[in-house]
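Take a look at the letters that make up each chain.
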Amino acid sequence: MITFTIITVTYNAEDVLKRTLNSIKEQRYRNIEHLIIDGASKDNTLKIAEEYREMVTAAPDAYSIRIISEPDNGLYDAMNKGLRMATGNYLCFMNAGDSLACADTLQTIVSNCKLEEKEGDKLPAVLYGDTAITDNEGVIIGRRHHTPPERLTWRSFRHGMLVCHQAFYARTDIAQKFCYDLQYRHSSDVDWCINIMREAERLNLELANAHATVALYQREGQTTVYRRKSLMERYHIMCKHYGKTSTILMHIWFVFRALTK
């Protein structure tokens with residue numbers, strides 16, 4: 001059976017972590033490895049994580065949970081730790097405050113992407129779906145502005161990050177070829193996703209659309225808080241992958257589209 005590694009990065013996340021952990025614990029599909037990478041939190045984050053581990057491991061349908069807590073050099077450094085530790089067929093990042101869309105999310109991905117009919121090197125490089133946005137209390141307030149295309153390629157991100165990071169499941173053996181680039185403090189996930197999709201094209205591997213909402217994303221994330229810096233990083237990432245001329249023309253189109261709405 002296909003195993004999913006879910007990586008949760010935390011730091012002083014006591015107010016929102018339970019929502020994330022509960023969404024994983026409630027999954028009916030139990031082939032899960034859950035890695036909790038904590039940045040030496042000073043609040044009750046670790047206590048909540050340990051209580052969650054005790055509860056899950058005591059259940060008859062327990063799944064694997066690993067917790068590490070140590071200082072790091074920021075979000076993407078912590079995510080790199082989880083990336084290196086992952087052993088499942090696919091991995092995704094579900095950080096504190098974010099959650100899986102419903103109790104059937106993982107089973108829906110397996111079924112809709114027909115993963116049981118594929119094996120080994122023929123498995124899709126990426127599984128992806130849609131995302132709903134929540135407020136800070138976890139209440140759904142609407143769909144994400146960007147929606148995933150029917151057919152995703154690495155060129156799709158020229159139009160923005162059309163698939164939310166939390167709805168992007170990368171095949172682990174491919175994902176581990178690419179660390180998050182720590183020169184980007186707020187948008188390294190965009191670069192990482194493009195790198196994986198480019199590798200998928202090189203290997204002639206499918207990017208499979210789950211045709212479902214698979215993630216709930218908390219609106220006030222790091223990228224939102226540091227929006228201007230994030231946009232500058234995204235500009236440089238797009239220049240790197242798509243060329244400067246193409247990127248400038250696309251940004252002119254973004255401005256024109258915004259003014260004519």
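Computed from a predicted structure; not experimentally measured.

Relative to the elements of secondary structure, isoleucine 6 occurs in strand 1 (residues 4-10). Overall, isoleucine 6 belongs to the buried group, its relative accessible area being 0%.

On to unusual backbone geometry. Excluding glycine, residues mostly carry a negative phi; peptide bonds, for their part, are mostly trans. Positive phi outside glycine occurs at asparagine 12, with the angle close to 45°. Structurally, the position occupied by asparagine 12 is in the loop between strand 1 and helix 1 (17-25). Given the relative accessible area of 34%, asparagine 12 is considered partly exposed. The residue lysine 114 is not glycine, and still its phi comes out positive at about 55°. With respect to the element layout, lysine 114 can be found in the loop between helix 4 (105-112) and strand 6 (126-134). Overall, lysine 114 belongs to the partly exposed group, its relative accessible area being 43%.

Attention now moves to the packing of aromatic side chains. Here the structure, examined in full by the defined rule, presents nine aromatic pairs. Aromatic side chains tyrosine 180 and tryptophan 192 sit 4.7 Å apart centroid to centroid with 20° between the ring planes, which places their arrangement in the stacked category. Remark: tryptophan 192 occurs in helix 6 (residues 188-202) and tyrosine 180 occurs in the loop between helix 5 (172-175) and helix 6; sequence separation between them is 12 residues. Take tyrosine 180 and tryptophan 192: they sit in the same class, and that class is buried. An aromatic cluster is built from Tyr76, Phe93, Phe168, Tyr180 and Trp192, whose rings are joined through pairwise contacts. If you follow arginine 198 out to its NZ or CZ, it ends over the ring of tryptophan 154, 4.2 Å from the centre.

Below, the discussion takes up a nonpolar patch on the surface. Among the surface-exposed residues, Ile248, Leu249 and Ile252 lie close enough to one another that they form a single nonpolar patch of about 280 Å² accessible area. By the element assignment, leucine 249 lies in helix 9 (residues 244-259).

This brings us to the pattern of salt bridges. Counting across every chain of the model gives 12 salt bridges. In this structure, the salt-bridge partner of aspartate 61 is arginine 30, at a minimum N-O distance of 3.3 Å. Residue aspartate 61 is found in the loop between helix 2 (45-57) and strand 3 (64-69), and its partner arginine 30 is found in the loop between helix 1 and strand 2 (32-38); the two are separated by 31 residues along the sequence. Look at aspartate 61 and you get partly exposed, because its relative accessible area is 38%. Its salt-bridge partner being lysine 240, residue aspartate 191 comes within 2.9 Å of it at the nearest N-O pair.

Our next topic: helix 6. Relative to the 21 Å expected for 15 residues at 1.5 Å per residue, helix 6 spans 21 Å between its end C-alpha atoms, a close match to the ideal helical length. The element helix 6 is largely enclosed, with a buried count of 12 among its 15 residues. Turning to helix 6, its buried residues are Ser188, Asp189, Val190, Asp191, Trp192, Cys193, Ile194, Asn195, Ile196, Met197, Glu199 and Ala200. Remark: asparagine 204 follows helix 6 within two positions and exhibits a positive phi of approximately 60°.

A few words on the packing of helix 6 against helix 8 (residues 227-242). For the pair helix 6 and helix 8, interaxial distance at closest approach is 9 Å and the crossing angle is 20°. Overall, the two elements helix 6 and helix 8 adopt an arrangement that is roughly parallel. For the pair helix 6 and helix 8, the crossing hand works out as right-handed. Residues Ser188, Val190, Asp191, Ile194, Asn195 and Arg198 of helix 6 pack against Glu233, Arg234, Ile237, Lys240, His241 and Tyr242 of helix 8. Counted by class, the contact of helix 6 with helix 8 contains four nonpolar, three polar and five charged residues.

Time to look at the pairing of strand 9 (residues 207-218). The buried fraction of strand 9 is high, at 10 of 12 residues. Where strand 6 lies against strand 9, eight bridges are found, and the strand directions are parallel. Along strand 9, the bridge assignment pairs threonine 131 with alanine 215.

Time to look at the environment of aspartate 43. Tracing the sequence through the fold places aspartate 43 in the loop between strand 2 and helix 2. Separated by 27 residues in the primary sequence, aspartate 43 and valine 16 have C-alpha atoms spaced 12 Å apart. Setting aside its immediate chain neighbours within four residues, aspartate 43 contacts Asn12, Ala13 and Glu14. A polar atom in the side chain of aspartate 43 sits 3.3 Å from the backbone nitrogen of alanine 13.

It is at 10 Å that the axes of helix 1 and helix 2 come closest, and there the two elements cross at 15°. Accordingly, the angle class assigned to the pair helix 1 and helix 2 is roughly parallel. The handedness of the crossing between helix 1 and helix 2 comes out as right-handed. Along its contact with helix 1, which presents Leu17, Lys18, Leu21, Ile24 and Lys25, the element helix 2 presents Thr45, Ile48, Ala49, Tyr52, Met55 and Val56. Its residues placed into classes, the contact of helix 1 with helix 2 shows eight nonpolar, one polar and two charged.

Basis of the calculations
- Residues numbered from 1 in each chain as written.
- Predicted model: local features only at pLDDT ≥ 70, side-chain atom pairs only at ≥ 80, totals over all residues.
- Heavy atoms only, no water.
- Helix = DSSP H or I, 4+ residues; strand = E, 2+ residues; numbered from the N terminus.
- Buried < 20%, exposed > 50% of the residue type's maximum accessible area, 1.4 Å probe, protein only.
- Phe/Tyr/Trp six-rings, centres within 6.5 Å; stacked < 30°, edge-to-face > 60°.
- Lys NZ or Arg CZ within 6 Å of the ring centre and 35° of its normal.
- Patch = residues over 30% accessible without salt bridge, like charges linked within 9 Å, V, L, I, M, F, W, Y side chains within 5 Å.
- Areas by Shrake-Rupley, 256 points an atom, 1.4 Å probe, with all protein chains shown as cover.
- Salt bridge = Lys/Arg side-chain N within 4 Å of Asp/Glu carboxyl O.
- Expected span 1.5 Å × (residues − 1).
- Axes fitted to C-alpha atoms, helices over the stretch in contact; angles between N-to-C directions.
- Parallel < 35°, antiparallel > 145°, perpendicular 65-115°, else oblique.
- Left-handed = near helix turned anticlockwise from the far one by under 90°.
- Contact = heavy atoms within 4.5 Å.
- Nonpolar A, V, L, I, M, F, W, Y, C, P; charged D, E, K, R; others polar.
- Pairing = 2+ DSSP bridges.
- Polar contact = N/O pair within 3.5 Å; in protein donor to acceptor, adjacent residues only side chain to side chain.

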